[in-house]
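Given next are the chains, with one letter for each unit.
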Amino acid sequence: MDMYLRRLLALLFALLLSGCGYNDFQRLDEESKAAWAEVLNQYQRRADLIPNIVNTVRGEANFEQETLTRVIEARARATSVQVTPETLNDPAALQRFQAAQGELSGALSRLLAVSERYPDLKANRGFQDLRVQLEGTENRITVARNRYIKTVTDYNVLARSFPTNLTAKVMGYEPKASFTVQNEAEISRPPTVDFGGGAAPTPPAAPASR
């Protein structure tokens, strides 16, 4: 009789957990972690491309040193940001990570824009191949980031909706931080480059609004 009662209680407990969203929390939590890992993988892929791009550009006579330096420094800052699993639950940490990656995106955008002023670079097959790889990586970053945003949105809706919000409180499922794509796009917007000759203008202190 005791064994039958234990089995019945276990069955009722399993049904309760299923009905209150526990299994969905487990699934979405794992999906968000997997999506985040892919975001980091693509950002690392971009970081690995940059030294080759920098070395190729350095071979171009009189290339704007300030533009090159900005890319090198932005990469150093982006790769120095510590990323841990806890970052997913820390909006401030995710914002710092996002800001560093956005700054690197802006520096790379400026470098590619300025490179259009150098015919030898435009004709350099190696540089063009690296440029194509970089553009492909940026597309992969966008896809990975959007997938992460989707999984986090689904998770957060579950964590804030009744009655699953009660499960979230009991089981410690806190809402997760997400990317602010609009803000990052603004951070990443490259400054205007003067193609008419002369020195490139100094980048503005803050991104211009669209």
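Report on the accompanying structure. Note that the structure is predicted; figures quoted are calculated from it, not measured.

Cut-off values and rules
Residues numbered from 1 in each chain as written. Predicted model: local features only at pLDDT ≥ 70, side-chain atom pairs only at ≥ 80, totals over all residues. Heavy atoms only, no water. Phe/Tyr/Trp six-rings, centres within 6.5 Å; stacked < 30°, edge-to-face > 60°. Helix = DSSP H or I, 4+ residues; strand = E, 2+ residues; numbered from the N terminus. Buried < 20%, exposed > 50% of the residue type's maximum accessible area, 1.4 Å probe, protein only. Lys NZ or Arg CZ within 6 Å of the ring centre and 35° of its normal.

**As for the packing of aromatic side chains**
Argument step 1. For the structure shown, the criterion picks out nine aromatic pairs.
Argument step 2. With 5.4 Å between their ring centres and 50° between their planes, W36 and Y148 make a pair best called tilted. Taken together, the residues span a long stretch of sequence, with W36 in helix α2 (residues 22-58) and Y148 in helix α6 (residues 125-160) at a distance of 112 residues.
Argument step 3. Under the relative-accessibility criterion, W36 is labelled buried at 5%.
Argument step 4. Judged by its relative accessible area of 0%, Y148 falls in the buried class.
Argument step 5. When the ring of Y148 is compared with that of F179, the centres are 5.9 Å apart and the planes differ by 85°; the resulting orientation is edge-to-face. Of the two residues, Y148 sits in helix α6 while F179 sits in the loop between α7 (164-171) and α8 (181-188), which places them 31 residues apart along the sequence. Comparing Y148 with F179, the two get one shared label, buried.
Argument step 6. Site record: aromatic cluster; members linked through ring pairs are W36, Y43, F97, Y148 and F179.
Argument step 7. Over the ring of F179 we find R145; its NZ or CZ atom is 5.9 Å from the centre of that ring.
Argument step 8. Just above the ring of Y155 sits the side chain of K176; from NZ or CZ to the centre is 4.7 Å.

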